[in-house]
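Overview (structure and organization)
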Amino acid sequence: METTSSITAGHAVLETVIGFMGIAWSEKGLIRLCLPEKSREAVERRLMRHAGVSGNTGQPQWVAELIASIKAYASGEDVDFSGVPVDLDGVDDFRLAIYDAARKLHYGQTTTYGELAKRAGQPGLPRETGAALGANPVPLVIPCHRILAAGGKIGGFSAPGGSATKEKMLAMEGVRVGPPPPAQVSFGF
């Protein structure tokens, strides 16, 4: 497998202790991250349905390091993803501000949608903040799972498994919240 810096775009599906995950990158940084699914094929399908995802599987060094970090996180290690380059071309200024504020949350640290909106300079927009996080193309690196609803409730989550996945990710980080709503609808990224 090539690991030279001449590889500018591609994708990878990786097996972790919590399931298969996927990433895709451009020459500028990470463009997509798929949270755990039960099969490699399901992750591959989710990745490849997005525009801009290259079929190339060769990895530059930063991607190989990111894969190792994702596997370490999935094994329960405290991993800091704040240095991972992210390519958010085409994302509007509101979402960029929300994502930037979310990236400042560390492992095991949570806040609410309303508080995150304030931190992003967008006070009074908790629903819009939730919608922006629901469209997050790189969950985990932009840690949308660390954002809770008012009163410390779990809130929604658009990854496979919905709020139950969010609760499991938080539990891995030592954060305990109440049970997820019984019938949350899951949306793909």
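Note that this is a predicted model, so its numbers are computed, not measured. Numbering of residues starts from 1 in each chain and follows the order in which that chain's sequence is written. In keeping with the predicted nature of the model, local features appear solely for residues at pLDDT of at least 70, side-chain atom pairs appear and are counted solely at 80 or more, and the whole-chain, interface and lining totals rest on all residues. Processing note: side-chain calculations cover all non-hydrogen atoms of the structure and skip hydrogens and water entirely.

**Things to note about the pattern of salt bridges**
Just to be clear on terms, a salt bridge is a Lys or Arg side-chain nitrogen sitting within 4 Å of an Asp or Glu carboxyl oxygen. Applying the stated criterion across every chain, the model contains six salt bridges. Lys-104 serves as the salt-bridge partner of Asp-100, at 2.8 Å between the closest nitrogen and oxygen. Under the relative-accessibility criterion, Asp-100 is labelled partly exposed at 43%. Judged by its relative accessible area of 53%, Lys-104 falls in the exposed class. If you follow the salt bridges from partner to partner, you end up with Glu-115, Lys-118 and Arg-119 in one network. Classification of residues uses two cut-offs on accessible area relative to the type maximum, computed with a 1.4 Å probe and protein chains only: under 20% is buried, over 50% is exposed, and between them is partly exposed.

**Topic: the packing of aromatic side chains**
Centre distance and the angle of the planes are the two values used to describe a pair of aromatic rings. Each Phe, Tyr or Trp ring, with Trp reduced to its six-membered ring, pairs with another whose centre is within 6.5 Å; inter-plane angles below 30 degrees give stacked pairs, above 60 give edge-to-face pairs, and intermediate values give tilted ones. Within the structure shown, the criterion is met by two aromatic pairs. Ring centres 6.1 Å apart and planes at 80 degrees place the aromatic pair Tyr-73 and Tyr-107 in the edge-to-face group. One end of the pair, Tyr-73, is in helix 2 (residues 61-74); the other, Tyr-107, is in the loop between helix 3 (93-103) and strand 4 (111-112), and 34 residues separate them in sequence. Taken individually, Tyr-73 and Tyr-107 each receive the classification buried, so the pair is uniform in this respect. Here the aromatic cluster, defined as three or more aromatic residues joined through ring pairs, consists of Tyr-73, Phe-81 and Tyr-107. Where helices and strands are cited, they refer to DSSP runs of H or I of at least four residues and of E of at least two residues respectively, numbered from the N terminus.

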